[in-house]
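Single-letter residue listing:
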Amino acid sequence: MKTTVLGSGGWGTALALVLCDNGHNVTLWSHSPEKADQMAQTRENPLLKGVPLPKTLHITGSLDCLAGADMVVSAAPSFAVRTTGEKARPYLRPETVLVTVSKGIERETGLRMSQILQEATGNICRVAALSGPSHAEEVGRKLPTGCVSACPDRAAARFVQDAFMNDYFRVYTSYDIIGVELAAALKNVVALSCGICTGLGLQDNTKALLMTRAMAEITRLGEQLGGTRRTFGGLAGMGDLIVTCTSLHSRNYRAGILIGQGRTVQEAMEEVGAVVEGYYAAESVYQLAEKEQVEMPICRCAYEVLYHGKQARDVVSELMGRAKKDELLERTWM
Ligand SMILES: NC(=O)c1ccc[n+]([C@@H]2O[C@H](COP(=O)([O-])OP(=O)(O)OC[C@H]3O[C@@H](n4cnc5c(N)ncnc54)[C@H](O)[C@@H]3O)[C@@H](O)[C@H]2O)c1
């Protein structure tokens, strides 16, 4: 099968390697022709150090690699997904399956990544989302990993499952693309918050409390927007939340630690040195929650710390001091 991966960051590269291992004809496209040339020569991606790129992987800066592709993987950072989709549009056919693996919500529109791609490509082909607890660094080393291929079109979800699944990369299918994509975007906000807790010197109890209650509010918003509750307890939900909130591979978590230790948000983002998607997602989620009238205290507090200079330590007291709740009924004790 002919596949093209758009976006040569750590994740696009790791997924291209999975597809190569599965015997597909794979091209990795970089938006920077210079970077493409460099990778083609050194057979290494500096964003995925220590992982050799096999000779079978084509690397290019030319979009002509999209011609005739059966499957196209969109692995650009979330801010560049719309432009990447627009560039791909002339090459896509109705039978192509387009797979989004980016995690975010568009700031201006509140759209999920698959919705952006549908708009940007004129809805010419089916769009699936592949998501789950998956650090590029570990997939690049072929460590056992599991993801979900989500699409309301079952055949497309299975097509993606078949393309990626192997003995170290396990893929489940799901119809719930809404839930999978929302869970993926929102967990970055929680990872930032968890990092802030770590930076403040708070420990395991607090982080477990934060993650669990954050998942309750993510589920609330997700269901309101049409997602399925069970998705949030699955790989793309709780699975991805755990991996992002507990690992130094996560730049959102790392940025949060720096903020908790007292750096400004801008200083923390500069020090991390890469796009911190949770920062942008925090604003989108805040707006979505306001619009949908969904109570999301943890995400709201993250937004206030990140955008309005609220002190992280004050936020902890605020969250701990909220009115008594019932965990199951989610209503105030009378
Ligand atoms: N890294 C992971 O482990 C991982 C895992 C799952 C999902 N993701 C998601 O995949 C997406 C990509 O993440 P990543 O870690 O590979 O990114 P990255 O930060 O490693 O790399 C970003 C890449 O995007 C390129 N880029 C910059 N501007 C661009 C533009 N305008 N158009 C196209 N490409 C551009 C950069 O050159 C760089 O190669 C993100 O949405 C991320 O949330 C990442």
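The structure presented is a predicted model; accordingly, all values stated were derived computationally and were not measured.

Time to look at the domain arrangement of the protein. What the domain assignment reports for the protein is domain 1 (2-175) and domain 2 (178-320). Each of domain 1 and domain 2 has a C-alpha centre, and the two are 25 Å apart. If you look at the interface, domain 1 gives 28 residues, while domain 2 gives 27 residues. Both sides together, the interface formed by domain 1 and domain 2 hides about 2100 Å², and carbon and sulfur atoms give 63% of it. Counting across the interface, domain 1 meets domain 2 through 3 salt bridges. The salt bridge partner of Arg107 is Glu283, with a shortest N-O separation of 2.8 Å. The interface formed by domain 1 and domain 2 contains 9 residue pairs in polar contact (both at pLDDT 80 or more). If you list the elements that add at least two residues to the side of domain 1 that touches domain 2, you get helix H4 (113-120), strand E6 (126-131), helix H5 (136-140), strand E7 (145-150) and strand E8 (169-174).

Given 3.6 residues per turn, any residue in an α-helix points the same way as the ones three and four places further on. Of all 11 residues that make up helix H10 (residues 235-245), 8 are buried, and the element is covered over most of its length. Taken together, the buried positions of H10 are occupied by Ala236, Gly237, Gly239, Asp240, Leu241, Val243, Thr244 and Cys245. Contacts made by the buried residues of H10 are with E6, E7, helix H7 (177-199), helix H8 (204-224), helix H9 (229-232) and helix H11 (251-260).

Here the focus is unusual backbone geometry. In this model, Arg43 sits at a positive phi of 55°, which is unusual for a non-glycine residue. Assignment of secondary structure puts Arg43 in the loop between helix H2 (33-42) and strand E3 (58-60). For Arg43, a relative accessible area of 18% translates into the label buried. Not every positive phi belongs to a glycine, and Gln293 is a case in point at roughly 55°. Relative to the elements of secondary structure, Gln293 occurs in the loop between helix H13 (277-292) and helix H14 (297-308).

The subject of this paragraph is the site of the ligand. Contacts to the ligand come from 22 residues, most closely from Gly10, Trp11, His31, Ala136 and Glu277. Take Gly10: an N or O atom from its main chain is 2.9 Å from an oxygen atom of the ligand. Side-chain polar atom of Glu277 to an oxygen atom of the ligand: 2.4 Å apart, as the coordinates give it. Surface burial for the ligand is 84%, taken as the share of its 830 Å² of free accessible area covered by protein chains. Tallied by class, residues from the shell around the ligand come to 9 nonpolar, 9 polar and 4 charged.

This brings us to the side chain of Lys103. When you line up the elements, Lys103 lands in the loop between strand E5 (97-100) and H4. Polar side-chain contacts of Lys103 include one of 3.3 Å to the backbone oxygen of Gly132. Within polar-contact distance, the side chain of Lys103 engages the side chain of Asp240 at 2.7 Å. When sequence neighbours within four positions are dropped, the list of residues in contact with Lys103 reads Ser78, Ser131, Gly132, Ser134, Ala184, Ala185, Lys187, Asn188, Asp240 and Glu277.

The rules behind these values
The residue numbering used here restarts from 1 in each chain and proceeds along that chain's sequence as written. Given that this is a predicted model, residues contribute local features only at a pLDDT of at least 70 and side-chain atom pairs are listed and counted only at 80 or more, while totals for whole chains, interfaces and linings are drawn from all residues. Computation of side-chain values: all heavy atoms of the structure, hydrogens and water removed. Residue ranges labeled as domains rest on an automatic or database domain assignment. By the convention used here, residues are in contact when the closest approach between their heavy atoms is within 4.5 Å. By buried area we mean how much accessible surface two parts lose on assembly, using a 1.4 Å probe and totalling the loss over both. Salt bridge criterion: a side-chain nitrogen from Lys or Arg within 4 Å of a carboxyl oxygen from Asp or Glu. Residues adjacent in sequence count toward polar contacts only when both atoms are side-chain atoms; beyond that, a polar contact is any pair of N or O atoms within 3.5 Å, and within protein one must be able to donate a hydrogen and the other to accept it. Here a strand is any run of E in DSSP of at least two residues, a helix any run of H or I of at least four, and the numbering for each starts at the N terminus. Exposure is judged per residue with a 1.4 Å probe applied to protein chains only, and the accessible area is read against the type maximum: over 50% gives exposed, under 20% gives buried, and values in between give partly exposed. What makes a residue near a molecule or strand is one non-hydrogen atom of that residue sitting within 4 Å of it. Accessibility throughout is a Shrake-Rupley quantity obtained with a 1.4 Å probe, and a residue counts as covered only by protein chains that appear here. When residue character is reported, Ala, Val, Leu, Ile, Met, Phe, Trp, Tyr, Cys and Pro are called nonpolar, Asp, Glu, Lys and Arg charged, and the others, Gly included, polar.

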